[in-house]
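Here's the letter readout for the chains.
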Amino acid sequence: MDETRYFHWRPGRAAAALALLPTAFVVLFVFIGGAGWAALVSFTSSRMLTIWNFVGFDQYAALFRFPRWQVSLENMVIFGFCFILASLVLGILLAVFIDQKVKGESVFRTIYLYSYATSFIVVGLVWRWILDPSLGIQHVVRDLGFPSFTFDWIVSQKMAIFTIVIAATWHGAGLVMVITLAGIRGVDAEIWKALKVDGVPNWKAYLFVILPTIRGSIVTAVVLMTIGVVRLYDIVVAMTNGGPGSATEVPAKFVVDNLFERQNIGLATAASTTLLVLILLVVVPWALWQRARQRRMA
Amino acid sequence: MTARQMVPDGPRPTAFGPARLGIYGFLVVSAVFFLMPLYVMIVTSLKPMEEIRHGALFAWPANPTLAPWIEAWSSACTGLKCEGLKVGFANSVFITVPSAVLAITIGMVNGYALSLWRLRWSSLLFGALLMGAFIPYQVLFFPLVRMLAAIGFFGNLAGIVTVQVIFSLPVMTLLFRNYYASLPYDLFKAARVDGAGFWRTWRSVMLPLSGPMIVVALILKVTNTWNDYVLGLVFAGHRYLPMTVELNNIVNTTHGEREYNMEMAATLLTALVPLAIYFVSGRWFVRGIAAGAVKG
Amino acid sequence: MAHVSVRKVDIAFGTVSVLDQLDLDVQPGEFVVLLGPSGCGKSTLLNAIAGLLDVNRGQIWIGGRNVTWAEPKDRGIAMVFQTYALYPQMTVRENMAFGLKIAGLPRLEIENRVREAAAILQLKPLMTRKPAELSGGQRQRVAIGRALVREASVFLFDEPLSNLDAQLRNELRVEIKRLHQRLGATMIYVTHDQIEALTLADRIAVMKDRRIQQFSTPEKLYQQPANRFVAGFVGSPAMNFQAGVMERADGGMRFRSGAFELPVDVMAHTGTEVELGMRPEHILVGESEGQDEGGMPATVEMVEPMGAETLVWTSVAGLPFSVRVDQRRRLSVGQKVSLRFPSQEIHLFDRETGARL
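## With respect to the overall build of chain C
Each helix and strand counted, chain C has eight helices and 20 strands in total. Looking at the 357 residues of chain C, the share that counts as buried comes to 52%. Sequence separation of at least 24 residues holds for 65% of the intrachain contacts in chain C that already meet a minimum separation of 6. A distance of 7 Å separates the average location of the 42 positive side-chain charges in chain C from that of its 42 negative side-chain charges.

Below is the structure:
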C-alpha cells in the first residue's frame, strides 16, 4: 500500500469517520446484528411471538423433517444446477459468437440483455402465459397439425421446476454474456496475434487460452448466479406460486410463508439461517480466492 | 481475372463460408428466443379476448385494441379495490425517487471516505459491507420487521425506503469506492495541500467529477428498486404496495375467465420504466452491471 | 534463412493510409531494424509481414513464396511481442510447446525442441512456472523461447524490449544479437529506440509518414543521412540545424545565415534555401578566440555534463550550436572559444524537400 495514502490530519479524519458512522451502524446492527438475532431465535421454541426459551437444534430437526422443506431444498439444487449451467453455456456461446466481428453487434447485445432489465414478476408472468398448455405454445403447435404434441411442463409435478429454469435463463443469460464479453475484450490483443502465429484454430484458442484467462470473471458470474438461486422467490411466485402441489416450492418462499402466513418464527429463522450458511459456504471461499489472486497479481 | 487470382496480391479474398453462416444462424436463433416473449406480450395485449380464445399465440392481432391497456392502467382489480395499476405506479415512483437519492448520496460519501481517506477500520468496514451484499433478504426479514416496527417505520413509505436504502448500501458504496480509487490520487492531494477539508474536498473536487458514476448508479438503483417485489410486499404496507406487487395481485386475484390481454398489458406497463431506461441508456446500463458485478 | 520481400504494399485503416507503395527487401540471414517515431507504420509493416494484417494492395514474399494470402502459421515465421503475449494459464513449458502441439508434431520432437530452446535461453529452472510468477525479463526470454521452437526461417520482433527497464534492455539486446549470430536466421525488428537499432542491425529502415526514408547500414545512416528527418532522428545528442542560403564565393560555395558564413564543398544554385546540419561531436573547439587558425569566435552559454562527455551550448555569430567535448575539458559560461566546422562533416539539406544536397 502506498505510504502517502496515510494522512494524519485530524479534523479531516474525524469528519470522514463521522460520515461513515451511519453505514457502520447499519453493518453492525442490521447486517451482523440482524443475522445474529435471527440465528439466535432459531434456537428457541418461538412460534407466533419470540420466546427466549432455548431448545438447541430442535427447530432444525423439525425443519429437515418437513416434507415441504425437503422438496424446497431439492428444487433449489435442481434449479441451481440447471439454471447456472444453461446460463453459462448460452451466455458464453453468445459472447464468443458476438466476438467474431459480426455485423450489428450492438443490436445483438441489446437484444440479449434487455430481459435482464425486467422484473422477475414480469419474467414469471410472461413465461407462464407462453407455457400455458391450453393457449400457449402447446396449443400453437397442435394447431399446426400435430394434435398429439405435448408441452405441459408448467402443470406437471415432475417438469414444472424446469419451466422456471427456462424463464430464469431467459432473464439471466445476458448477464453472463456481458461479463464474458467484457473479459474477452479485455484480453491483450497481442495474445491473439501470438495465437495466430502459433496457428491455433479459433475454437481451441477460446477453449484453451481465452476462457481460462478470464475464468475470474466467469467464476464471479457463477457466484452472482448462486446468490440468485438462494434468493429465488419472485419468479416462482409469479409463475407457479409453488405449484402444482408443492412441485416448485423453494427455500426462500418457505421462509416468507412461515414468517408471515404460518407465523412460525422459530421454523422460519431456522430455515433462513440455513440459507445464510449455504451462502457463506460459497461466498467465503470465493472471497478468499479472489483476495489471493489479487495478491498474486500485485 | 483468372491471372489475378493465380497471383496473390492485395487483401485476402474472404468467403462467406459455412462457418460465418453458422455464427449468424446461432445469433439469430438466440435473438428470436430472447425477443419472443416481448413479442408475445405485445401482441397479446393488443388482442380482444375473442382472438385469444382461438389460441394463435404468435398471430398478429386482427382487430388491435387498446382497451386491455386502459383497463390494466385504470380499472383492473388488485384484490378488493379495482383502480388498476396507476396506484402501484405512483407508489413505485414514491418509493424509487427518495430511495435512489438517499442511496446514491450515502454511497457517494461512503465511497469517497473509504477510497481516499483510509481510516484504520475502513477496510474491515468495507469487507463487512460487501459480505452484507450476499446475505439473502429473507435472513433479515424477521429482525428488520421488529426493528422498524419499534421506531414506527414498518408498513409505510419511510419503512420501505429505509429498507431499500439499507439493501443497496453495499453496491452503491462499491461503485463509488472503485470509481474514486480510479481517479488520479494526486488530485486529492492537491486539494489537501490547498487546505480543503473532508467535506470541502468532496464538494469542490470529487463531486464535480462524479457525474458519470452518478448516472450509472442512478440507472442501476432505479431499475433495481422498480423491479423489486419481495421488499415491497413485506415492508411497504397496504397503502404503498409497489407496481410489481399490484401486478402480481391483478393476475392472481382474477376470478372467472382470465383476461390474458389485460394481464399482458399490465405486465408490459410494469416493465415499461426499466425497459425505457435500458433502451435509452444502453451502454451506461451495461457499465452499471459490469461495475457492480465484476468486482462484486 | 529466408529472403523477405515486400512489394508495393498499401495499407489503410478505413480512409487513413498507413503504408504507401512500400518496398522492402531483406536478404537471407540479415538483421533488419525498422526504426521510426510512433505512428510511422513500422509495426503495421511488421504485422503485414506476419500476416496478422491484410494488405490493401501489393505482395509479400517470404523464402521465394508469395505468402500474401497465407495464414501466419504457414509463412515460416516466428514472432516476439512487446507485451510478451504469453498464455497466462500455461506454464513456461506449455507456452513453448503449445504451437507445436497444435501443429501436430510428435511428442519427442516437441520435447527436444523445447529442451534445446530452454538451454539456449537458460530457462531450465523456470519451466514449471506460470507467466505471472516471472519477472519482465524472464517473460520476454520465454516469449523468445516460444519463437525459437518454431524453428522458423524469419523472426519478427515487435518492440520486444520497450516494456523493460534500462538494464534488462541492455542484457536482452546482447542476447538477441548473440541469438542472431548463432541461428543465422533472418530477423526483422521494430523499435523506436535508435540505440537498439544502431547496435543490432545489419541494415536499418528509417520510417516516417507511410514511407521508408532511408534503408542502409547504421554507419551510412549516421554518416550520410538521406534527408533532414533521418539526420535529426539518428544520433544523440541531436544534430544542430541552422537555416540559411547558398552563396558563391572565392570560386567555391558558401553557406550563410546572417553574420554566420561557412565555406562548403557542395555544388548548388546561388540563393538555394538550405539547412545546415552539424553533429555536436564533429565541431572542434579551440582554446580561445583568434589563436586557432580558421576558427570562428564563439561564446559558451551553458554547460551540460553528461558523464564521459560534456555538451556545451555556444553562440556563434548569433546562432546557437551545441558541441560535445570530453569531460576533462573545463569550459565555463561566458568563456570565449573558437569553433571549427570540418567540411567533410557538414550536411546540407534542401529546405523545401528535406533531401540531402
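There is more to say, and it comes next.
## A few points about the interface of chain B and chain A
In this complex, chain B contributes 91 residues to the contact, which on the side of chain A involves 92 residues. Both faces combined, the contact of chain B with chain A buries some 8500 Å², and carbon together with sulfur accounts for 77% of it. Across the contact surface, chain B and chain A share zero salt bridges. Viewed at the interface, chain A and chain B are joined by 18 residue pairs in polar contact (both at pLDDT 80 or more).

## A few points about the domain arrangement of chain C
All names here are of chain C. Here the domain parsing of chain C yields domain 1 (4-233) and domain 2 (240-350). The C-alpha-based centres of domain 1 and domain 2 are spaced at 40 Å. On the side of domain 2, seven residues touch domain 1, which itself brings eight residues to the contact. Note on domain 1 versus domain 2: buried area summed over both sides is about 670 Å², and carbon and sulfur give 56% of it. Broken down residue by residue, the surface that domain 1 buries against domain 2 is led by Tyr 222, Arg 228 and Ala 231, which jointly contribute 76%. Connecting domain 1 to domain 2 are one salt bridge. Inspection of the region where domain 1 meets domain 2 yields three residue pairs in polar contact (both at pLDDT 80 or more). Of the residues in the side of domain 1 that touches domain 2, the class split is four nonpolar, three polar and one charged.

## A look at the packing of helix α5 (residues 86-117) of chain B against helix α9 (residues 185-193) of chain B
Residue and element names in this part refer to chain B. Put simply, α5 and α9 touch, their axes get as near as 11 Å, and they point 90 degrees apart. Compared by their axis directions, α5 and α9 come out roughly perpendicular. In contact with Tyr 112, Leu 116 and Trp 117 of α5, α9 contributes Tyr 185, Phe 188 and Arg 192.

Cut-offs used in this document
Residues numbered from 1 in each chain as written. Chains lettered and ligands numbered in written order. Predicted model: local features only at pLDDT ≥ 70, side-chain atom pairs only at ≥ 80, totals over all residues. Heavy atoms only, no water. Helix = DSSP H or I, 4+ residues; strand = E, 2+ residues; numbered from the N terminus. Buried < 20%, exposed > 50% of the residue type's maximum accessible area, 1.4 Å probe, protein only. Contact = heavy atoms within 4.5 Å. Lys, Arg positive; Asp, Glu negative; His and termini not counted. Charge placed at Lys NZ, Arg CZ, Asp CG, Glu CD. Buried area = accessible area lost by both parts, 1.4 Å probe. Salt bridge = Lys/Arg side-chain N within 4 Å of Asp/Glu carboxyl O. Polar contact = N/O pair within 3.5 Å; in protein donor to acceptor, adjacent residues only side chain to side chain. Domains from an automatic or database assignment. Nonpolar A, V, L, I, M, F, W, Y, C, P; charged D, E, K, R; others polar. Axes fitted to C-alpha atoms, helices over the stretch in contact; angles between N-to-C directions. Parallel < 35°, antiparallel > 145°, perpendicular 65-115°, else oblique.

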